[in-house]
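Here are the chains, one letter per residue:
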Amino acid sequence: MKQLTAILEGIGSTLQLLARSAAHVGTLPRQRARFIEQCYLIGYTTLPIVAILSFFIGSVLALQAGYSMQNFGAKQFIGSLVGLSLARELGPVMVAILVAGRVGSAIAAELASMKVYQEVDALETMNIPPARILVLPRLAAILFMMPVLAIIADLVGWFGGALVSNYVNFIGIDSEAYFAALRRYMHFKDVMNGLIKAEIFGFVVVLVCCNIGLNTRGGPREIGASVTRAVVTSLILILVLDYFVTKALL
Amino acid sequence: MPSCSPTRNPFTAEETPAVAVSFEGLSKSFGDHVVLKDITFNVEPGEIFVLMGPSGSGKSVLLKHIVGLEAPTSGRVLLDGHDAADEEVRAQIRIGLVFQAGALFNSLTVYDNLALYLREHRLSTEPKIREKVMHALKILSLENTAAKFPSELSGGMKKRVAIARALVMEPQLLLYDEPTSELDPVMSATISEIIAALKDEYHVTSIVVSHDRDLARSIADRVGILMDGKLMHLGPPSTLQNPSDPRLKDFLNPKIDLKNPRFKKLET
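Each chain has its residues counted from 1, following the order in which its sequence is written. Lettering of chains starts at A and numbering of ligands starts at 1, both following the order in which they are written. Only residues with pLDDT of at least 70 get local features here, since the model is predicted, and only at 80 or more are side-chain atom pairs given and counted; chain-wide, interface and lining totals rely on the full set of residues. Each side-chain value is derived from all of the structure's non-hydrogen atoms; neither hydrogens nor water enter the calculation.

*Asks:* Is there a simple way to think about the sheet that holds strand E3 (residues 21-30) of chain B in this case?
*Replies:* Two modes of strand pairing occur in sheets, parallel and antiparallel, and in both the strands are linked by backbone hydrogen bonds. All names here are of chain B. At least two DSSP bridges between two strands are needed for those strands to be called paired. Put simply, DSSP H or I for four residues or longer makes a helix, DSSP E for two residues or longer makes a strand, and each gets a number counted from the N terminus. Strand order in the open sheet formed by four strands is E4-E3-E6-E7, and the pairing between neighbours is antiparallel. Here the strands that pair on one side only, and so sit at the sheet edges, are strand E4 (33-43) and strand E7 (82-83). Bridge analysis of E3 against E4 gives seven bridges, and the strand direction is antiparallel. Across the sheet, residue Lys 28 finds its bridge partner in E4, namely Leu 36. Residues count as neighbours in contact if any of their non-hydrogen atoms are within 4.5 Å of one another. All axes here are fitted lines through C-alpha atoms, helices being fitted over the stretch that makes contact, and every angle between N-to-C directions spans 0 to 180 degrees. Set on the sheet, helix H1 (residues 59-66) makes contact with E3, E4 and strand E6 (74-79); between it and E3 the angle comes to about 120°.

Written out as structure tokens, the structure reads:
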């Protein structure tokens, strides 16, 4: 019962934070510097790890598909399998998980530390709403950067799959055939579905991590606890939402 | 709002009214733990009021009620006769709070810490903001710290920057939470002098929460002592010399008794 109350309180306070942030949307143009800084932190610094992981996920996908499909002569479909898997599912989910681990944890730690060391209280005494300057630029930045990260993950993953298909002996599908299959069975809608998912996951991760950070009580120990809670909650939400969003988009 | 003694704006020749603060039957509980019990007293406009009391007596909690960081369980706090719980009232009255640990924004330089309030409320142009920030830093002899980050400052400097940040708000009411804690005696005396100078110069109402007896005796117009959530004493600093209540006596002039130490008594 106590846990259920805590979950409901968490949902309530997250929605309140969203409403408070949305109320200041009009201030975004004059928060350009903060928005750009957050885009840099959320997007640019996450890019290398997204590229490395998606390259190898695309490669492994092609390797596994090639190994399984060689027995029944369906190797020519590797391109479409890798393309669709990455665009519709693995790309957005993997990027969201990376964002939760890398960006969400950093947001939760920074806001929790600001709360514990009374910087958030200081903002409130100055009549500067924390939702306006701490949450809104982050939410705007994730909305802007998430599709970019997801598209890069797709492209690099496809490229990784193409390399493996071309150079691994038992597959032996050249890049032209690989990308032809990818184009034949994949539609614009598939990529869009993936981008919508990425957008939803990223937004929820940042909102939840901001809320957990800003609701931290106590001392330095609670900062660590908040970071753990933020990442775990984000990961659970990504996977739960993945099912429902996928179902809605099918 | 009724006009009171004027607060001179530290940055222009303008004058704004200093603020009166009234606590009316203020009580606060956290769960079963009662922190403040029916606190009633007034702070006059332009006065330095020092609130003393042992650790955990509820001083900081009382201060937080003035700025809306805590909501009363019962009773209320009035700013010039208006309820401080009302956000609009707090938005109209400029209140500066100097936090115990400074609460400076660690990701911003000292300059940006001071400029944040003016920028966010779009109160001045950037050249004017620069002028005001540098003036506030000059008042507190901190001109050379503008480009530094809070982590590069000493404890005393952080307190002074926190005061400068509050001063930039051109406050009508300045609240200090333990401004001399963790400072050496000379720096404590410096901070006390700054608080007194700001009152003399700008006639701002000041409420200082502190353990510091020297500060209370030298700069306070009146002193209140909180013990176990109750206001045990209220009067000018001269009344602190010979308190009749034994607990007040022990708090104000504690004798170190090695043969019969207090912590042993606490154990029993």
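*Asks:* Would you mind showing me how to read the sheet that holds strand E12 (residues 230-235) of chain B here?
*Replies:* All names here are of chain B. The strand order E8-E9-E10-E5-E11-E12 describes an open sheet built from six strands, whose pairing is mixed. Both outer strands of the open sheet, strand E8 (95-98) and E12, are each paired with one neighbouring strand and no more. For this sheet the average axis-to-axis angle between neighbouring strands, irrespective of direction, equals 15°. In terms of strand pairing, strand E9 (residues 173-177) meets strand E10 (residues 205-209) through five bridges, oriented parallel. Bridging from a neighbouring strand, Leu 173 pairs with Thr 205 of E10. Lying over the sheet, H1 contacts strand E5 (48-52), E8, E9, E10 and strand E11 (222-227), oriented at roughly 155° with respect to E9. Relative to the sheet, helix H5 (residues 155-168) contacts E8 and E9, its axis offset from that of E8 by approximately 170°.

*Asks:* What is the right way to look at the interface of chain B and chain A in this model?
*Replies:* Where the parts come together, the accessible area they lose is often given as the size of the interface. Taken together, the contact pairs 20 residues of chain B with 16 residues of chain A. The contact between chain B and chain A buries some 1,600 Å² in all, and 57% of this surface belongs to carbon and sulfur atoms. Salt-bridge detection follows one rule: a side-chain nitrogen of Lys or Arg within 4 Å of a carboxyl oxygen of Asp or Glu. Joining chain B to chain A, the criterion identifies two salt bridges. The shortest N-O distance in the salt bridge between A:Arg34 and B:Glu120 comes to 2.7 Å. Pairs of N or O atoms are called polar contacts if they sit within 3.5 Å, as long as, within protein, a hydrogen donor faces a hydrogen acceptor (for residues adjacent in sequence, only side-chain-to-side-chain pairs). At the junction of chain B and chain A, the tally comes to six residue pairs in polar contact (both at pLDDT 80 or more). Of all elements in the fold, only helix H2 (87-92), E8 and helix H3 (110-120) of chain B reach the threshold of two or more residues within the side of chain B that touches chain A. Looking at which element gives the most residues to the side of chain B that touches chain A, the answer is H3(B), with four residues. All residues other than Ala, Val, Leu, Ile, Met, Phe, Trp, Tyr, Cys, Pro, Asp, Glu, Lys and Arg, Gly among them, are scored as polar; the first ten of these are nonpolar and the last four charged. Split by residue class, the side of chain B that touches chain A holds 12 nonpolar, two polar and six charged. Buried area is understood as the total, over both parts, of accessible area removed when two parts are fitted together, assessed with a 1.4 Å probe.

*Asks:* Would you take a moment to explain the pairing of E11(B) for this structure?
*Replies:* Looking down a regular strand, the side chains alternate between one sheet face and the other. All names here are of chain B. Only protein chains enter the accessibility calculation, which uses a 1.4 Å probe; a residue is then buried when its area is under 20% of its type maximum, exposed when over 50%, and partly exposed in between. Burial within E11 is extensive, with six of its six residues counted as buried. Residues of E11 alternate between two faces, with Arg 222, Gly 224 and Leu 226 on one and Val 223, Ile 225 and Met 227 on the opposite face, all of them buried. Note: E5 against E11, four bridges, orientation parallel. Bridge pairing in E11 links Leu 51 to Gly 224. Bridge analysis of E11 against E12 gives five bridges, and the strand direction is antiparallel. Counted as the bridge partner of Val 223 is Gly 235 from E12. Taken together, E11 and the strand that follows it, E12, pair antiparallel across an intervening segment of two residues, in which Asp 228 is found at a positive phi of about 50°.

*Asks:* Help me understand helix H2 (residues 32-44) of chain A in this model?
*Replies:* In an α-helix, one turn spans 3.6 residues, which is why side chains three or four residues apart end up on the same side. All names here are of chain A. With 13 residues, H2 extends 17 Å from end C-alpha to end C-alpha; this agrees with the ideal 18 Å at 1.5 Å per step. For H2, the set of buried residues is Gln 38, Cys 39, Ile 42 and Gly 43. Viewed end-on, H2 has its buried residues packed into an arc of 110°, placing them on one side of the element. Exposed and facing more than 90 degrees away from the buried side of H2 are Ala 33, Ile 36 and Tyr 44. Against helix H3 (47-69), helix H4 (78-116) and helix H6 (130-167) lie the buried residues of H2. By this rule the span expected of a helix is its residue count minus one, scaled by 1.5 Å. The directions from the helix axis to the C-beta atoms form the arc being described.

Without other data, these values stay purely geometric and don't point to any function.
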